Each structure stands twice: as structure tokens, then as C-alpha cells.
Amino acid sequence: MLRRRLNRLFGGDEKRVDSRTIYVGNRPCPATETFIPPKFCDNRIVSSKYTIWNFLPKNLFEQFRRIANFYFLIIFLVQVIVDTPTSPVTSGLPLFFVITVTAIKQGYEDWLRHKADSEVNKYPVRVLEDGQPARKDSEKIKVGDIVEVVEDETFPCDLILLQSSRDDDTCFVTTASLDGESNHKTHYTVPDMEKDLQSLSATIECEQPQPDLYKFVGRMHIYKPEHDPAVRSLGPENLLLKGATLKNTKKIYGVAVYTGMETKMALNYQGKSQKRSAVEKSINAFLLVYLCILISKAVVCTTLKYVWQSQDGQDEPWYNQKTEKEKGTILYVKMFTDFLSFMVLFNFIIPVSMYVTVEMQKFLGSFFITWDRDFFDPEIEEGALVNTSDLNEELGQVEYVFTDKTGTLTQNNMEFIECCIDGFQYTAFSSELDSFCVTDGPVSTFQEKAGREKEELFLRALCLCHTVQVKEAGPDELGGDQVDGPASEPLRPAEQRGFIASSPDEVALVKGAMRYGFTFLGLESKTMKIKNWQNDVEEYELLHVLNFDPVRRRMSVIVRSKSGDTLLFCKGADSSIFPRVRPEEVERIRMHVQRSATEGYRTLCVAYKRLSVDEYAAADAGLREARLALQDREEKLMAVYNQVETAMSLIGATAVEDRLQEEAAQTMEALQGAGMKVWVLTGDKMETAKSTCYACRLFRRSTELLELTVRTLESGGRRREEMLHDLLFDFHRKAVQDAPPARAGVNRSWSSANPEYGFIVDGAALALVMNPSPDTNCSRYRSLFLQICQNCTAVLCCRMAPLQKAQIVKMVKNSKGSPITLSIGDGANDVSMILEAHVGIGKIPSALLGEKSGRCGGGCARVSASVCAAGVKGKEGRQAVRNSDYAIPKLKHLRKLLLAHGHLYYIRIAHLVQYFFYKNLCFILPQFLYQFFCGCSQQPLYDAAYLTMYNICFTSMPILAYSLLEQQIAIEVLLDNATLYRDIAKNAMLRWGPFLYWTVLAVFQGLIFFFGVKYLFSNPALQDNGQVFGNWSYGTIVFTVLVFTVTLKLALDTRHWTWINHFVIWGSLAFYVVFSFFWGGIIWPFLKQQRLYFVFFNMLSSVSAWLVIILLIVLSLLPDILLGVLRKPRGPHTQQLSKESLLYVDRSPW
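Residues numbered from 1 in each chain as written. Predicted model: local features only at pLDDT ≥ 70, side-chain atom pairs only at ≥ 80, totals over all residues. Heavy atoms only, no water.

Per an unreviewed UniProt entry, the chain goes by the name Phospholipid-transporting ATPase and belongs to Electrophorus electricus. Per UniProt, the chain carries the Sequence similarities (unreviewed entry) text "Belongs to the cation transport ATPase (P-type) (TC 3.A.3) family. Type IV subfamily." (UniProt positions renumbered as here; feature names shortened; annotations may be inferred.)

## Considering the overall build of the chain
When its secondary structure is counted, the chain shows 39 helices and 34 strands. Across the 1150 residues of the chain, 56% fall into the buried class. Pairs at least 24 residues apart make up 76% of the contacts formed inside the chain by residues separated by at least 6 positions. Here the chain displays about 49,700 Å² of accessible surface, and carbon together with sulfur accounts for 57% of that area. (Helix = DSSP H or I, 4+ residues; strand = E, 2+ residues; numbered from the N terminus. Buried < 20%, exposed > 50% of the residue type's maximum accessible area, 1.4 Å probe, protein only. Contact = heavy atoms within 4.5 Å. Areas by Shrake-Rupley, 256 points an atom, 1.4 Å probe, with all protein chains shown as cover.)

## With respect to a nonpolar patch on the surface
Taken together, the side chains of V300, L304, F932, F933, V1003, L1007 and F1011 define a hydrophobic patch exposed on the protein surface, amounting to about 560 Å² of accessible area. Elements represented by at least two residues in the nonpolar patch include exactly α8 (278-309) and α34 (992-1016). A per-element tally of the nonpolar patch places α34 first, with three residues. By the element assignment, V1003 lies in helix α34. Under the relative-accessibility criterion, V1003 is labelled partly exposed at 33%. (Patch = residues over 30% accessible without salt bridge, like charges linked within 9 Å, V, L, I, M, F, W, Y side chains within 5 Å. Salt bridge = Lys/Arg side-chain N within 4 Å of Asp/Glu carboxyl O.)

## Overview of the nonpolar core
Burial of nonpolar side chains together is a common tendency in soluble globular proteins. Formed by 92 residues in total, the largest nonpolar core has its most connected members in V913, F923, Y942, F1039 and L1042. Of all the elements, helix α30 (residues 893-930) adds the most residues to this core, at 18 residues. V913 has contacts with V279, I283, F286, M354 and L990, leaving out every residue within four places of it along the chain. Grouped together as the second largest cluster of nonpolar side chains are 45 residues, V680, C693, I841 and Y886 included. (Core = buried A, V, L, I, M, F, W, Y, C linked by side-chain atoms within 4.5 Å.)

## Observations concerning the pattern of salt bridges
A full pass over the atoms with the stated rule returns 41 salt bridges. Among the ionic pairs, D422 bridges to K454, the shortest N-O distance being 3.6 Å. In this pair, D422 sits in the loop between β16 (410-421) and β17 (424-427) while K454 sits in helix α13 (residues 452-464), placing the two residues 32 residues apart along the sequence. Owing to a relative accessible area of 18%, D422 belongs among the buried residues under this scheme. Judged by relative accessible area, K454 falls into the partly exposed class, the value being 29%. In this structure, E584 and R582 form a salt bridge, with 3.5 Å as the shortest nitrogen-oxygen distance. Assessed through its relative accessible area of 49%, E584 is described here as partly exposed. Note on R582: relative accessible area 39%, which makes it partly exposed. Shared partners join several salt bridges into a network, and the residues in it are E129, K136, K142 and D145.

## Some remarks on the sheet that holds strand β12 (residues 245-247)
Picture the strands of a sheet paired through backbone hydrogen bonds; they go either parallel or antiparallel. Across the sheet, which stays open at both edges, the three strands sit in the order β7-β6-β12 with antiparallel pairing between neighbours. Two strands close off the open sheet at either side, each with one partner strand: β7 (184-188) and β12. Strand-to-strand, the axes of this sheet are offset by a mean angle of 45 degrees, without reference to chain direction. The pairing of strand β6 (residues 170-174) with β12 spans three bridges and is antiparallel. Within the sheet, the bridge partner assigned to V173 lies in β12 and is L246. (Pairing = 2+ DSSP bridges. Axes fitted to C-alpha atoms, helices over the stretch in contact; angles between N-to-C directions.)

## Focus: the sheet that holds strand β34 (residues 886-888)
What the nine strands build is an open sheet, ordered β14-β34-β33-β32-β15-β28-β31-β30-β29; its pairing is mixed. The open sheet has two edge strands with one neighbour each: β14 (385-386) and β29 (703-708). Summarising the sheet, strand β30 (residues 756-762) and strand β31 (residues 794-798) pair through five bridges and their orientation is parallel. By the bridge assignment, I760 is partnered in β31 with L796. Helix α23 (residues 720-737) rests against β29 and β30 of the sheet, and its axis sits at about 160 degrees to β29.

## Structural notes on α13
Across its 13 residues, α13 extends 18 Å between first and last C-alpha, which sits within 8% of the 18 Å expected from 1.5 Å per residue. Within the sequence span of α13, burial applies to E455, E456, L457, F458, L459, R460, A461, L462, C463 and L464. (Expected span 1.5 Å × (residues − 1).)

## Brief notes about the packing of aromatic side chains
For the coordinates displayed, the defined rule picks out 45 aromatic pairs. Centroid distance F923 to F1039: 6.0 Å. Interplanar angle 65 degrees. Geometry classified as edge-to-face. You can see F923 sitting in helix α30 and its partner F1039 sitting in helix α35 (residues 1031-1053), a full 116 residues away along the chain. As far as the burial class goes, F923 and F1039 line up, both buried. (Phe/Tyr/Trp six-rings, centres within 6.5 Å; stacked < 30°, edge-to-face > 60°.)

## Examining the environment of V1046
On the secondary structure map, V1046 appears in helix α35. The sequence separation of V1046 and F923 amounts to 123 residues, and the corresponding C-alpha distance is 9.6 Å. Those residues within four positions of V1046 in sequence are excluded, and the remaining contacts are Y915, Y918, K919, C922, Y950 and T955.

## A look at the packing of α30 against α35
Put simply, α30 and α35 touch, their axes get as near as 11 Å, and they point 160 degrees apart. Between α30 and α35, the angle is such that the two are roughly antiparallel. The two elements α30 and α35 meet at a crossing, and its hand is right-handed. On α35, the residues that touch H911, Y915, Y918, K919, C922, F923, P926 and Y930 of α30 are N1031, V1038, F1039, L1042, T1045, V1046, T1047, K1049, L1050 and D1053. Class assignment of the residues belonging to the contact of α30 with α35 gives a composition of eleven nonpolar, four polar and three charged. (Parallel < 35°, antiparallel > 145°, perpendicular 65-115°, else oblique. Left-handed = near helix turned anticlockwise from the far one by under 90°. Nonpolar A, V, L, I, M, F, W, Y, C, P; charged D, E, K, R; others polar.)

## A word on the environment of L604
Examined against the element boundaries, L604 turns out to sit in strand β26 (residues 602-611). Linking L604 and A573, residues 31 residues apart in sequence, is a C-alpha distance of 5.1 Å. The residues touching L604, leaving out its near neighbours within four places in the chain, are D505, L509, K571, G572, A573, G652, A653 and T654.

## Quick look at the packing of α30 against helix α32 (residues 956-965)
Where α30 meets α32, the closest approach of the two axes is 8 Å, and the angle between their N-to-C directions is 160 degrees. In terms of orientation, α30 and α32 fall into the roughly antiparallel class. The handedness of the crossing between α30 and α32 comes out as right-handed. Taken together, the residues of α32 that come into contact with α30 (itself represented by R908, H911, L912, Y915 and F916) are I959, Y962, S963, L964 and L965. Per-class residue counts for the contact of α30 with α32 are seven nonpolar, two polar and one charged.

## Remarks on the confidence of the model for the chain
Summary statistics for the chain give a mean pLDDT of 77 and a share of 79% for residues scoring 70 or more. Contacts from residues 1-16, a stretch scored under 50 in pLDDT, to residues over four places away or in other chains number 17 contacts. (pLDDT = per-residue confidence, 0-100.)

## Description of the pairing of strand β5 (residues 158-164)
Across the seven residues that make up β5, a large majority, seven, are buried. With two bridges joining them, β5 and strand β11 (residues 239-240) adopt antiparallel strand pairing. For I160, the partnering residue across the bridge sits in β11 and is L239.

## Description of the pairing of strand β15 (residues 400-403)
What you see with β15 is no split at all: Y400 and F402 on one side and V401 and T403 on the other are buried throughout. Across four bridges, the pairing between β15 and strand β32 (residues 821-825) is parallel. Across the sheet, the residue bridging to T403 is I824, located in β32.

See the structure below:
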């Protein structure tokens, strides 16, 4: 990776040329030429942040970026260099503790990432060296190596397929971890490839690494003795991507073309960046305010000191003569050192120990997530995981949720629900009348079945119009039966038959036809076999497959029956099929399609056409010519497809359901009720994703969908850029300009008076928005697009590349207001958006489904288990989990993670931050006021032991316990009332209003402390023997009132009492008293001077001191007591919460 960056920086090969040449097997071609091995990056994957060499400087740099850390470093250096009234230990010790604890925590978390990377890089692979297989670590694969991969293994790098164990020179792969599609895709070997790879002499010329998963351009030169080099074109159908998994193929051989950080998966990987929470930003803002207060105090005291000394006799009194060195000091230098001394004296107003407490609160608080029994999934025997504890409070501030679809919202398990044939409704669960039953009657007026001929034609279409393959399995799985053998041989039971396909709905349709008695037996040598109701085997020659694409939104097959009839079967979206059939046929089917779509099912229409000899000859010639074209191949194929798919007859329609994750709809509703906007980002097809959004209740019946896709951009017959401009402005007018202003706290309803809009965009349209042509206004398009998205109730982004997902998240994250974003996904294709969002959630893949493996039906259950062993529990299958901040086993757990844990974490840490600033201002304000009564002489009010231990020992444990255990509202109430989440939105508890309240309270109590004790000292004799208290007694009384007041203030704020709270609150007060007795009651030999010797004893011997301490504590806490008694609860949930508030009294959530 370093070499690649240096090459780009200094003009290396990759910058000068647009292609690379790869020598297959790293052998010279031809052998007579001089072989100079090209330099490419190795196959290591790096997701860690630090190395053993840069950890210390890099970590220290990041920590000293914090204002408080940097400030205390400066103060420590000032104390070391300049003669100050306090010891350097008072600042150096807390700073060292903070830096050390934080470094250990972050180092441990990065060590876990190193460990995970090592598992991937050290994974053993098989490579052909001199024709013999050799085992080596994955990180040692070089570009040009021939790699062997067996079934259920993931590809260790990007490979060109050279050889397959299948007879048809194909292999099947799943790319779930790359694009979210778990279904099997077919890839092809290079045509006319030699079987003996040892003697293969070839080079590959291909494009430089680029992140688009669906594009690849290259060519292969094959050298043979005494022959001209043979040239073969290479495309994406020949490229096996790193992270994909080999399926239904025993073994393949491929040559490595992209390795390591140059693979398409790695190029779609968003680099790690330091995530900082909104709370930390608020802390930095508050620190700047307190730093200004500190500087102001130091300036005031320095000025008053020299005003005092300017009076006669005050600069050099008879009892304090200046030394010769002091007399020779320049005035301005002396003023500057005095200013620094006052800065040191007041520096405790900046709470450096707060960072220690915050780090401990985050680290210890994260265990409550892992210990939560509700997050434990017995199926995979795992609970929630916390990879980064720095963002706990961000869980309570989420405004946008970006979720993957496949494997996150859905189980990716399609199920055939019902169908409509010639206007008659059929369910998948009836067995009457040859497995068919009229359930709702026809859409027309006749209560009768569709004819048997139409029913058989419909079922044949379902069995033939697809790219499904029958799952190959060993003898143990089949029990000796042959799937593709003659009809006389025994067949596998229908319920045990396994299928693989490029789309899950294709499997569902084939299995649906199987329920009705038509069974697809498989494809062998271009012959498709099906078994009909009479158990007769029908054979059809597969002539052409017209593949599905998002523009046509349909696919077709052309087959020839034994009788010689040439048939075209077509299935696709209703909007794609209806214009190509007779209008009178449409009306019989339309109502069924609309009703099924409303119920959230994925609908497909089925049509057919008989081709004459001339029609087929023209279509065959056009298809062959288009497939040989090197330029504009897709456009030429599209023209032929559109020509042949006309004048068809509509047979019927199907309804398929994609099963949702457990409680997916309820979870999405709860998140929207909490004020979050949910966006679905998926690499899947639009139709499937749209159905999922309806099923999850993200889209409702009343939702008007605004579609910005390739289909809509090409529908007007104009240039895409022109259509994009018109559509964006039209959508902006609808969703933004004409929309009524949104009211805070208003929930969505099924019958809303205001129109609701849902926005659908695909990857190609997004690319035009993000990277338009040079003559268009890029920023204007992005602004319109973002405004439309933000004013829609839900947004669906389909056909997204992984990097595009990250672009969407980044666009919203950097928008006005900097909203807090959360991304959740379960595959490697989701890693980029997980890393880009403020909070990244990884869904732990299911043990049954594997990583988006799905259940392809029946016999695939055992295959899924093997996927789990090799992928999910292995190296590539948990990439989303490894790179996330948090990981949960099920989607439904996201509800409690945000609404309960996030809510409580935010309240706790917000109170912690405000409390720390409050108690430190209470601590330093009397010290500042004391300077007015001691001639601004920098005389400390408190003993050095009190200065050092105030934040470390006396007041640290109660607030730490509070920030870990407090529950102002019971978890059950938070889960039942999602709108409570809105009360803390937009960092509500750390805004300037609450900060000002805490600051005013601290100033009030600081004034009470100082002037209350000053009033006590107006009586010269406070002891029974007539002795007078000194300045250290004064400071000790102030400090005692201070410690008791700030601790009891926290006790008043505590709503959820546990034995731990009692122990730390009363224990801290007892520790202070005991420490003061011992510190002042014993002569310590290591102290040069002991200022507090018997001071605490003498103070407690005075009844007046006791009385003043008690009165001042009560008077200081009186505002809080009165507010708690007089303040009325506010908000829409007041009555409900008042009834349910007792839930938290004796109940702990963990």
C-alpha cells in the first residue's frame, strides 16, 4: 500500500498508464523474451489504526488534540519552569493518569483489530507453483499466481477464472459480502482455455484497479508454439471478486489480477477515521468558555496585585524585603510570571480528571450492553459486542438510520404466496382440484376456474423462465438418487430438492410451481427438463436467455419443445409487461397485482409468445451479432430484446413474500416514532427493495413514491442530464416547496391529511447527481437531491455500490446541522457506510442463514451450515462486525440499543459533564475571591493535599457510579414510549441553556461558601479557649462545606438508588473526614511544612463551625430542593410517566 501511494505521488507506473500487464503463473511469455516481474502490492489486508512503531507518537498526538490535555501539559511545564504557589505534582499526576488510561484502552482495542487482520492474512491458501499445488499464507499471494479455491471457500483476491470442475466450464458464486445479493451468480472460464495449466503461457492486459463491482475490461493473450497469439476478451463474467464465496462447484483455478488493498472489495472500503461524539465537541466548547474565565481571573488578579503594590509601602514592606535578583528583574517579565502563577493557582477550574472519569464511564458502561440478556441470541450463542466504547452516548442522539436490506431487514428467504391465472386467484396452500383452488373468484364476474390449458401453460412458464440450477450434492445427501438422470430413475423428494439462482424470487417461483405439481428437474446440455402433473418428463431445448436488467425490468427465455414449437416465456414487473401484451388481457390481471403490491408482496407478471420460423431466425441472428460486438454491446442487445418481446399474451401474475427479520416492522416504526429518519441502502433490485419497504411500513398506502432511476431518466426520450434536471426540480417542488411545514412531535399515521413522500433512487442516478457532466451545476443538484431526501418520510437507495453507500451517509452527515447518523449492515459491502457514519452497527450473521446466504430451499439447509463454518465464523463473513462500533445478533435489538441504552447513556454522561464543570467552578471561585482579601499575593486557600485529591478521591466515585447506574426513566417506559427519545435529541442536555444554569448555580454556591464562612470569622474567638482560627482553618471550613454540598447535590439528583450509590456517596464523605483527621493528626516526616496539623480537630471543636457548616450546606442546596418540589412535570407523557415512574425504584435492567 505504501508503494502504491509513493508511485502515485512520484509518478509511478499506475499514474502513467491506464492498464496493467499480468504474466499468468509469473512466467515469461513467450519464453524467449526477457522477463521483468512487474511490481504490484501484496495481498495483506489492514484495518488496524496503529502499528508498534507509530502507536506512541500517534496516540499522544491524538490525545493532546484535546483542549484539556494540552492545557494541563502547558500548566505542568509552567509549574516545572516557573516558581508557582503549587507543586507540579498537582497537575502532572492527574494528566499522566489520564493519558495512560486512555492509551491502554485504545491500544487494547486496536490490538483486537490487529488480531482479526492476522486471521485473514494468515489464512492458508493453495497456489500452483511449477504445476504443483503449494500451501502459503493468503498475504503472500502475488499478482499472476494461479490460485486453487474449493467449494464454500471465499476467494482470497480478485481472480480471472481459468478452469472449473464443472463440465460446462462455469462456476457459481455468492457475492453477499460485496453487493448484498446472496443468490448464486454464474461465472465463466476464459473460452478455449487449455486444461493443462502447467503448460499455459499467457498474459492478461486489464484496467487498473477501480471500485466498480460490476465493471471489468481486459483481454488475454494465449501463446502457443508456432502459432500467432490467441486473444480472448475478458469481462465481469470472468472475474471472481475477493470476498465472494464459491458455491455448487467442487474446485476452480484462477489467476490473481488484483490483490490486497487493490481488490475491488478493498477499494470500496472506507478508511478508518477517528470518530468523535457530539458530547466531546460540547466538552471542548465548554472548556473554551472556562479557559476564558480562567484567563480573565488571572488578568484581574495580576492587575489588582500591581495596583496594590503601586501604593506607598506595599511594594516592599519592612517584613518582606526583595532580594537582589528580584530587584533586577524586568517589570514586564515579573508581571508575566505572576500571570502564569495565577493561571496555575486557578487551573483546577479546568477539570482534567473529567476525561479520566468519562473514559472509565464509557469503558465500564459498555459492559452493560454486552451483559444485557435481551441481546443474547441462543441460535448463535452470542450477545451484543462493543468494539468502540467512545460512542455510547451517540446512541441516544441518532437522527438518521441507514440500513442494509438483505440479511438486515429481511431474511432473504422468498416464499411463494399466491398467483393469478387469467384473472382467477390461486393460493399456494390449497390442494383441491389438482392442487388448484379458486379462493377469491375471478376478477371478472364468473365463479369458475381458468382452463387447464392456461394453468399448465402458466406452470410451464414458471418452470422454464428462469436461470435456476438444481443443487448438486454428494451421494450422502441424495441417498444415491440422480437428479438429472432418465425419467425411470428415482427422483429426490420435492421437499428435499435444492435450487440455486441469481435471484431469490426465481427459486420461490420454481418451488411454487413444484407445489402445484410441475417440478423443474434441471438443465443438462442446453436441455431443460420438467415433470408435469402426470409425472411425465417434458424436455425443452434452451435456445436463448434474455437476461434481466434494471431498465427492462423483465427477463425471457426462448425454448423449443419436442414437437418443434418455438416459445418465448417472459416474466417481469407489471409496468414492463403490460405495454407489451394485449390491453384486454391486462384488465383481468391488474387488480390482483395492485392488491398484492399493497400487501407488501413482490409481484411479477408472466407472458408468452409463439415464434414463427422467420421470427426466431431474425431474433437468433440479431442476438448472435450483438453478443459478438465489442462496442456498444449492451445497447445492441437491448434493441434485439425489445424487438422480440412484443405482441405477447399475458398468462397471469405471481405474488412472492420476502420474509422480514423478526420484529423488523415494529422496530422501524419505533425508530420513526423516536424521530429518526430511516434510509434503506441496498445493492439489490428496486422491485425487491420496494416490497421490503412496504412490508417494513417505511412506505405506506398513502405514500407517493418519487422515483429517480435509470428507467425514469430514460423514459422521456431525452438525454439523462436533461431528465435529471427536470425530475429534481419537479420532486423538489412537490416534497419541499409545496409541502406544509413539519411540526415537531407529530407521528405518522395511516390516514394523514398531509401528503407523505417516499424517494427511490438507484446507483446510476446517484452517480449522475454526485458526478454530473462538466456543463451542469454539481452543487445545485446535490442540494436539491438532499432537500428532497430530507423531506421524505423514507428513502430507498437501490443498486448501490459499497462506496456509494458511504457517499450517501457522508452527504447527510455533512449537511446543515450535522445530524448524527447510524449505519447498520451485516456484510463486507456495508463496511464503508458503517465506517462513514457517526455510529456503525454490525449485525452478527445468523448461524442458519450465514452471511446473507439465505436458504435456497430444502437441501440447502446443510449447505448454509457449512457456509457458517467457513464464512460467518471465518475470515470474511464477519467484516461488518469487525469494523463496526457495536454488533447485535438481530435487528430487533436495535430498538432497545437506541431507545433504552442510548437514551440512558446520553443522560448519564451529559449530567457527568455538567456536574464536573459545576463542582470545579464551586471549587475555584472561593480561591479567586480569597485573593481580594490577601493582597492578590497568590496565597492558596486550600492545602496542596486537598487540591490534588478533590477531583481524584473526594468527588470522583459518586459521579462515576451515577453515570453508570442512573435511570431517570425505567427501561420499560422508554421502550413503550419511543417519543421520549425526542426529548434529548439535538444534544438537548448539553446546550448553552443547561450549561448556563449549572454555571449560575456554581457561582451562587461558591459565593455562599466563601462569604458564609467569612461571616463566621467576623467573630474573632471561635474556640472555647479564646484562640483565633487562622487562614488554613478558613480554607478547611470552606472546603468541608464544598465537599459535602457537591456530593449531596448529586444525591438529590439520583433517582435510581442501588447499594453501590449508597456506598460511594456516603463512603466518599466518610473518607474525606477520615483523611482529614489522619492528614492533620500525624506529623509526616516527608513534609517540609505541615500546614493542617490539628486544624481539622480544632475546627470540629467549635460549635459555631459546626453550625455554619450545616447551615451553609442547607442554604446551598435550597434552590435544588425548591425546584424539585415546585417544578411541575412537562410534556405529553406526564400523566403516563407519573403512573409508571415507580418501575425504576427497585428494578435494575441488567
